[in-house]
Amino acid sequence: MINKVVASAEEAIADIPDGASLAVGGFGLCGIPVALIDALHRHGSKDLETVSNNCGVDDWGLGVLLRDGRIRRTVSSYVGENKEFARQYLSGELEVVLTPQGTLAEKLRAGGAGIPAFYTKAGVGTQVSDGGLPQKYDADGGIAIASSPKEVRTFNEVDYVLEESLTPDFGLVHAWKGDRHGNLVFHATAMNFNPLCAMAGRITIAEVEELVEPGELDPEHVHTPGIFVQRVVVVPAGEKRIEKRTVALAQAAGTESATEQAGA
């Protein structure tokens, strides 16, 4: 079996060119491949297309690439925590393909399984299927690019919309444990989208918090088999950001509470 471990995050992403498409794992700020994203930022790749559930926050995760204008187009389902994202989208600097969350997950899973397209009920009767959803605005606030109508078919008297799968050039994922053959184990919320992005990427790069030797992982606990992974880099566990913190403040009166929201 091939030893897929590389020496550094910089080496792992060194061949990601301008214009590449990236499937990036994680959910909110949980389980995102921060070390690989930061290495890519230092590398200087630009004009990127990202496929991710969200696009980080203003100073963390994909938000770092977005802030510096490195992302041209993104396919995402939840983008509400990034002010710079909203600014770029509404000013016509960023193309955004908003996609229902379950549909996005299946687009990646199907792509990794070699399935070119599938039918789903999600989005039927809306702009998702009918077209016209703004993907990019012009400088004057008009719609420069709108989504196209999609095929709708009826099965057992229920309408379904045809969605094409995704196979980005690279998959970037964060795993709790991995071995030299690329077998990966994810922890808790990091299970969201990381296994799917690992499957979908034509070349998948995994940062792992703990590297173990082949045979040490229980086969029943492996979430992504090494066949889907081309490179592994060891990245010790770092800062764990909280996307939105809500705390109850003790009051002198004893019954009232206030909330404080701190963007990560």
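Residues numbered from 1 in each chain as written. Predicted model: local features only at pLDDT ≥ 70, side-chain atom pairs only at ≥ 80, totals over all residues. Heavy atoms only, no water.

By the naming in an unreviewed UniProt entry, the protein chain goes by 3-oxoacid CoA-transferase subunit A and is assigned to Pseudarthrobacter psychrotolerans. The annotation that UniProt attaches to the protein chain under Sequence similarities (unreviewed entry) is "Belongs to the 3-oxoacid CoA-transferase subunit A family." (UniProt positions renumbered as here; feature names shortened; annotations may be inferred.)

A. Up close: the overall build of the protein chain. Broken down by element type, the protein chain carries 7 helices and 15 strands. Taking 264 residues into account, the globule formula puts the C-alpha radius of gyration at 18 Å, and the protein chain, at 20 Å, falls close to it. The C-alpha extent of the protein chain, read off along each of the three principal axes, is 60 × 55 × 40 Å. Taking as baseline every contact in the protein chain between residues at least 6 positions apart, the subset at least 24 positions apart corresponds to 69%. Surface exposure of the protein chain reaches about 12,700 Å², of which carbon and sulfur atoms provide 51%. Distance between charge centroids for the protein chain: 2 Å, based on 23 positive and 36 negative side chains. (Helix = DSSP H or I, 4+ residues; strand = E, 2+ residues; numbered from the N terminus. Rg over C-alpha atoms; globule rule 2.2 N^0.38 Å. Contact = heavy atoms within 4.5 Å. Areas by Shrake-Rupley, 256 points an atom, 1.4 Å probe, with all protein chains shown as cover. Lys, Arg positive; Asp, Glu negative; His and termini not counted. Charge placed at Lys NZ, Arg CZ, Asp CG, Glu CD.)

B. Region of the structure containing unusual backbone geometry. Here Glu-157, not a glycine, exhibits a phi torsion of approximately 70°, which is positive. Within the secondary structure, Glu-157 is located in the loop between β8 (152-155) and β9 (158-164). The exposed category is assigned to Glu-157, whose relative accessible area is 78%. The phi dihedral of Ala-188 falls on the positive side, at around 50°, and the residue is not glycine. Note on placement: Ala-188 falls in the loop between β11 (184-185) and α7 (194-200). (Buried < 20%, exposed > 50% of the residue type's maximum accessible area, 1.4 Å probe, protein only.)

C. Summary view of the nonpolar core. In terms of nonpolar packing, the biggest core is built from 29 residues, with Ile-16, Leu-22, Leu-36 and Ile-205 touching the most fellow members. Sort the elements by how many residues they give to this core and helix α2 (residues 34-43) lands first, with 5 residues. Residues contacting Leu-36, with those up to four places away along its chain left out, are Ala-9, Ala-12, Ile-13, Leu-172, Val-173, Ile-205, Ala-206, Glu-207 and Val-233. Ranked by size, the runner-up nonpolar core spans 21 residues in total, among them Val-97, Ala-175, Phe-186 and Leu-196. (Core = buried A, V, L, I, M, F, W, Y, C linked by side-chain atoms within 4.5 Å.)

D. Representation of helix α4 (residues 83-90) in the model. Among the residues of α4, Glu-84, Phe-85, Gln-88 and Tyr-89 are the ones counted as buried. Each buried residue of α4 sits inside an arc of 130° when the element is viewed along its axis, so together they form one side. Facing away from the buried side of α4, by more than 90 degrees, are the exposed residues Lys-83 and Leu-90. The inward-facing, buried residues of α4 abut α3 (62-67), β3 (71-76), β4 (95-98) and β6 (134-137). The residue sitting at the N-terminus of α4 and contributing the capping side-chain oxygen is Asn-82; that oxygen lies 3.1 Å from the backbone nitrogen of Glu-84. (Arc of directions from axis to C-beta. Polar contact = N/O pair within 3.5 Å; in protein donor to acceptor, adjacent residues only side chain to side chain.)

E. Highlighting α2. The buried fraction of α2 is high, at 7 of 10 residues. Listed as buried for α2 are Val-34, Ala-35, Leu-36, Ile-37, Ala-39, Leu-40 and His-41. Trailing α2 by a residue or two, Gly-44 shows a phi angle of about 95°, which is positive.

F. Representation of the packing of aromatic side chains. Applying the stated criterion across every chain yields a total of 3 aromatic pairs. Look at Phe-155 and Tyr-160: their rings are 5.7 Å apart centre to centre, the planes differ by 75°, and that puts the pair in the edge-to-face class. Note on Phe-155: relative accessible area 31%, which makes it partly exposed. The exposure class of Tyr-160 is partly exposed, given its relative accessible area of 22%. One aromatic cluster in this structure is built from Tyr-119, Phe-155 and Tyr-160. The ring of Trp-176 has Lys-177 lying over it, and the distance from NZ or CZ to the ring centre is 4.6 Å. (Phe/Tyr/Trp six-rings, centres within 6.5 Å; stacked < 30°, edge-to-face > 60°. Lys NZ or Arg CZ within 6 Å of the ring centre and 35° of its normal.)

G. Just the domain arrangement of the protein chain, in detail. Parsing the protein chain into structural domains produces domain 1 (9-116 + 165-234) and domain 2 (118-164). Measuring from the centre of the C-alpha atoms in domain 1 to the corresponding centre in domain 2 gives 24 Å. The partner domain 2 presents 14 residues to the 19 residues of domain 1 that form the contact. When domain 1 packs against domain 2, the two sides together hide about 1,300 Å² of surface, and 58% of this comes from carbon and sulfur. There are 1 salt bridge connecting domain 1 and domain 2. Among the ionic pairs, Glu-163 bridges to Lys-107, the shortest N-O distance being 3.3 Å. (Domains from an automatic or database assignment. Buried area = accessible area lost by both parts, 1.4 Å probe. Salt bridge = Lys/Arg side-chain N within 4 Å of Asp/Glu carboxyl O.)

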